[in-house]
Amino acid sequence: LRYLSASAVKVEPLFSRGSIAQFRRIIMKSNTLKSKSFLTTRSLVTVSLLTAISIVLARVLGLIIPIAGLPALKINFSSVPLIMAGIFYGPSAGFMAGAISDVIGYMINPMGGAYFPGFTLSTALTGMIPGLIFKLLASRKNLIKQNFNYYNSFFILFITACLLYAFYLKEV
């Protein structure tokens, strides 16, 4: 067996300039927006923080406006973190963030009424649909260069036609 002498072993400080620069390079390489899977530790923590922010915005900072003495109108910004999760980390992460935020939010504060899975599905789709749209637009790079005024006007005409048809059916 060979024994190492103390002079043969080079001892470096724990936080030297080289190790910090190397650490920065490793951190900068791990970009979750470009990674193939969203199951990295960083992305899971970020999606869970966005879910927690959504719960706080919905249950604590939400404003309920009563109409005729009953709580009828609820104003909050809880969908913004879910949309961000869907766009930044993909539609599946947005779907899970929305579903989990609704279920945990109901467990914390039911806000009157029984649990209804349709609301959970609606909140989950709030996180998933923007992620799907972003993925569709990112996959077709020629769409990004196009003018979206045509798409916006078509969408407005479609919504207007749907509303007019609904009013026509009700004979308002």
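Structural data are supplied above this passage.
Here the structure is a predicted model, which means the values were calculated and not measured. (Residues numbered from 1 in each chain as written. Predicted model: local features only at pLDDT ≥ 70, side-chain atom pairs only at ≥ 80, totals over all residues. Heavy atoms only, no water.)

Draft legend 1. Broad picture of the layout of surface pockets. In this structure, the largest pocket encloses a volume near 600 Å³. Considering the residues around the largest pocket, the lining is formed by 27 residues, among which R59, K74, D102, M111 and F119 are closest to the centre. Listed by contribution, the elements that provide at least two residues to the lining of the largest pocket are α2 (41-59), β2 (70-75), α3 (79-89), α4 (91-108) and α5 (117-139). When its residues are assigned to classes, the lining of the largest pocket shows 14 nonpolar, ten polar and three charged. (1 Å grid on protein atoms, 1.4 Å probe; cavity = no way out; pocket = protein on both sides within 12 Å on 5 of 7 lines; lining within 4 Å. Points joined across faces, edges and corners; volume = space filled by probe spheres on them. Helix = DSSP H or I, 4+ residues; strand = E, 2+ residues; numbered from the N terminus. Nonpolar A, V, L, I, M, F, W, Y, C, P; charged D, E, K, R; others polar.)

Draft legend 2. Molecular detail of the pattern of salt bridges. Overall, the coordinates contain one salt bridge when judged by the stated rule. Note that D102 is salt-bridged to R59, the shortest N-O span being 3.9 Å. Taken together, the residues span a long stretch of sequence, with D102 in helix α4 and R59 in helix α2 at a distance of 43 residues. Here R59 falls in the buried class, since its relative accessible area comes to 15%. (Salt bridge = Lys/Arg side-chain N within 4 Å of Asp/Glu carboxyl O. Buried < 20%, exposed > 50% of the residue type's maximum accessible area, 1.4 Å probe, protein only.)

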